[in-house]
Amino acid sequence: MAADPVQPAGRGATTIADRVVAKIAARAAREALDALPPGASKPHATVVVQRDSARVSVSLELGHPTDLGRQCGAVRKQVTRRVRELAGLEVPEVAVHVERLHSPRTARESAGRGLR
């Protein structure tokens, strides 16, 4: 005797916490960057998950000079791809916030202050 198949609604649900998706997004942002400038913090992400989608905000620091548009576009693309791959969520929005630009001059000044 075959068991009655369980309908999709009765199989349960999978919920992925915002903080888990935020870790995926931050790592994806790091993967997208050419390199972190000396003294820069790693990218940080905040996420709001609603049903099958995640709205992502990424904060990062970049070197100067750089092509900001290209770098931010690469971050958006990689974050969207990796969140979709790893969490199965659509990403309708990735806001990229450049918190700080690091120049070679700034790095030298910071290093000089640390030696005093």
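Note: the structure precedes this text.
Residues numbered from 1 in each chain as written. Predicted model: local features only at pLDDT ≥ 70, side-chain atom pairs only at ≥ 80, totals over all residues. Heavy atoms only, no water.

Quick look at the sheet that holds strand β3 (residues 90–102)
Strands belonging to one sheet form pairs held by backbone hydrogen bonds; the direction of such a pair is parallel or antiparallel. Spatially, the three strands line up as an open sheet ordered β1-β2-β3, and their pairing is mixed. Of all the strands in the sheet, the pair left with one neighbour each is β1 (44–50) and β3. Strand-to-strand twist of the sheet, defined as the mean angle between neighbouring strand axes without regard to direction, takes the value 15°. Looking at chain direction, β1 and strand β2 (residues 53–63) are connected through seven bridges and run antiparallel. Residue pairing across strands places T46 opposite S57, the latter belonging to β2. Each of β2 and β3 is contacted by helix α2 (residues 68–87), which is oriented at about 140° to β3, the strand it contacts most. (Pairing = 2+ DSSP bridges. Helix = DSSP H or I, 4+ residues; strand = E, 2+ residues; numbered from the N terminus. Axes fitted to C-alpha atoms, helices over the stretch in contact; angles between N-to-C directions. Contact = heavy atoms within 4.5 Å.)

Structural notes on the nonpolar core
One finds V21, V56, V58, V75, V79, V83 and V94 to be the most contacted residues of the largest nonpolar core, which totals 25 residues. Elements with a minimum of two residues in this core: α1 (18–32), β1, β2, α2 and β3. Looking at which element gives the most residues to this core, the answer is α1, with eight residues. In contact with V94, other than residues within four places in its own chain, are V56, V58, R76, V79 and T80. (Core = buried A, V, L, I, M, F, W, Y, C linked by side-chain atoms within 4.5 Å. Buried < 20%, exposed > 50% of the residue type's maximum accessible area, 1.4 Å probe, protein only.)

Remarks on the side chain of Q71
Of note, Q71 is situated in helix α2. Overall, the relative accessible area of 5% leaves Q71 in the buried class.

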